[in-house]
Amino acid sequence: MGRVPKTLAAVVCSRDRPEQLAECLRALATQRADDVLVVDSASATGATAEAAHAAGIRCIRADIPGLAHARNVAMRATTADVVAFTDDDCRPDPEWSGAVRDQFDSASADDLSATDGLGFVVGRVVAAGEGPAMSVVLDAFPRAYGRDDDPSHIGHGANLAISRACWDALGGFDDMLGVGSELRSGEDTDFLWRALRDNWTGRYDPHATVAHEQWRGRRSALRTSYGYGVGAGAVRTKVRRLGGTTAARE
């Protein structure tokens, strides 16, 4: 008897960037998804919700800012087996969600004794626009990830799909991390590290592609890079506390 295909939700978390969100939602409207959702991450105005409603897409508000918190809100707002996240300044390729779905479905078919072993799928992130290139992932070949891989070089939340079983097992994203929190970033790296530590596997699929708009100027890019550094330091400190000095060094 064949396995039932995984259901998939496509999610974008957004805060006070309604014009970019509208562009993203035009791309999300074409996806092969069972559910599409916007999480308004404590925006200062109603423009984020208005952009979602104009696109005919359900919007849930998170009153506490922070990307990790918004991702957790999204997970609780949908019943999908797999949730594929992208950012509001990204435009997913038409085949993005289909490639992600196929990875999780093939994992279930390949190993009937460990159907929930695949915890996450990351994909290609290409630069669009003329600003300083940031947060790109350009590997051309697929690969698999296990316990010994470094999560800081795997991928990031602009193109990250996770299984509900993995999210449940890990207790969700760490609300103290992520854009909008005091620690500025790192919620994706932390989640991947904990998933691999607990023997979940991951996959990279170059066919699951999003275009990341490079809209920042040099000064804004430097501020963002600083935030990435703050988050990376927080994750390293957490890894040292949970996994020991050797794990943090690796």
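Throughout, residues of each chain are indexed from 1 in the direction in which the sequence is written. Note on the predicted model: pLDDT of at least 70 is required for a residue's local features to be given, and 80 or more for side-chain atom pairs to be given and counted; whole-chain, interface and lining totals, by contrast, use all residues. Neither water nor hydrogens contribute to the side-chain values; these are computed over all heavy atoms in the structure.

*Asks:* What's the story with the pattern of salt bridges in this structure? I'm lost.
*Replies:* Oppositely charged side chains can pair when the atoms bearing their charge come close. By definition, a salt bridge exists where a carboxyl oxygen of Asp or Glu is found within 4 Å of a side-chain nitrogen of Lys or Arg. A complete count under the given rule lists 13 salt bridges for this structure. With a shortest N-O distance of 3.7 Å, R17 and D89 are connected by a salt bridge. With R17 in the loop between strand 1 (8-14) and helix 1 (18-28) and D89 in the loop between strand 4 (82-87) and strand 5 (90-92), the pair connects residues that are 72 residues apart, well separated along the chain. Any residue under 20% of the maximum accessible area for its type is buried, any over 50% is exposed, and the rest in between are partly exposed; the area is computed with a 1.4 Å probe on protein chains only. Looking at R17, the relative accessible area reads 24%, which means it is partly exposed. Take D89: its relative accessible area is 5%, and that puts it in the buried class. D40 is paired through a salt bridge with R61; the nearest N and O atoms lie 3.4 Å apart. With D40 in strand 2 (residues 35-41) and R61 in strand 3 (residues 58-62), the pair connects residues that are 21 residues apart, well separated along the chain. Helix and strand assignments follow DSSP, with helices taken as H or I runs no shorter than four residues and strands as E runs no shorter than two, numbered in order from the N terminus.

*Asks:* Honestly, the side chain of T48 in this entry has me stumped. Any pointers?
*Replies:* In this structure, T48 sits in helix 2 (residues 47-54). The class of T48 is buried, set by a relative accessible area of 1%. N or O atoms within 3.5 Å of each other form a polar contact, as long as, within protein, one can give a hydrogen and the other can take it, and as long as residues adjacent in sequence are counted only when both atoms are side-chain atoms. A distance of 2.8 Å separates a polar atom in the side chain of T48 from a polar atom in the side chain of S43. Residue contacts are defined here by distance: any two heavy atoms, one from each residue, within 4.5 Å place the two residues in contact. The residues contacting T48, other than those within four sequence positions of it, are S14, R15, D16, R17, P18, L21, V38, D40 and S43.

*Asks:* What exactly am I supposed to notice about the packing of aromatic side chains here?
*Replies:* Two numbers describe a pair of aromatic rings. These are the distance of the centres and the angle of the planes. Side-chain rings of Phe, Tyr and Trp (the six-membered ring for Trp) are treated as a pair once their centres are within 6.5 Å; stacked means planes under 30 degrees apart, edge-to-face means over 60, and tilted covers the remaining angles. What the rule picks out here adds up to 2 aromatic pairs. Seen in terms of ring centroids, F85 and F173 are 6.1 Å apart; in terms of plane orientation they differ by 85°. Their pairing is edge-to-face. You can see F85 sitting in strand 4 and its partner F173 sitting in the loop between helix 5 (164-170) and helix 6 (187-197), a full 88 residues away along the chain. Aromatic ring contacts, followed pair by pair, group F85, F173 and F191 into a single cluster. The criterion is that NZ of a Lys, or CZ of an Arg, lies within 6 Å of the ring centre and within 35 degrees of the ring normal, and then a charge sits over that ring. R71 extends its terminal NZ or CZ atom over the ring of F85, reaching a point 5.0 Å from the ring centre. Seen from the ring of F173, R71 lies directly overhead, with NZ or CZ sitting 5.9 Å from the centre.

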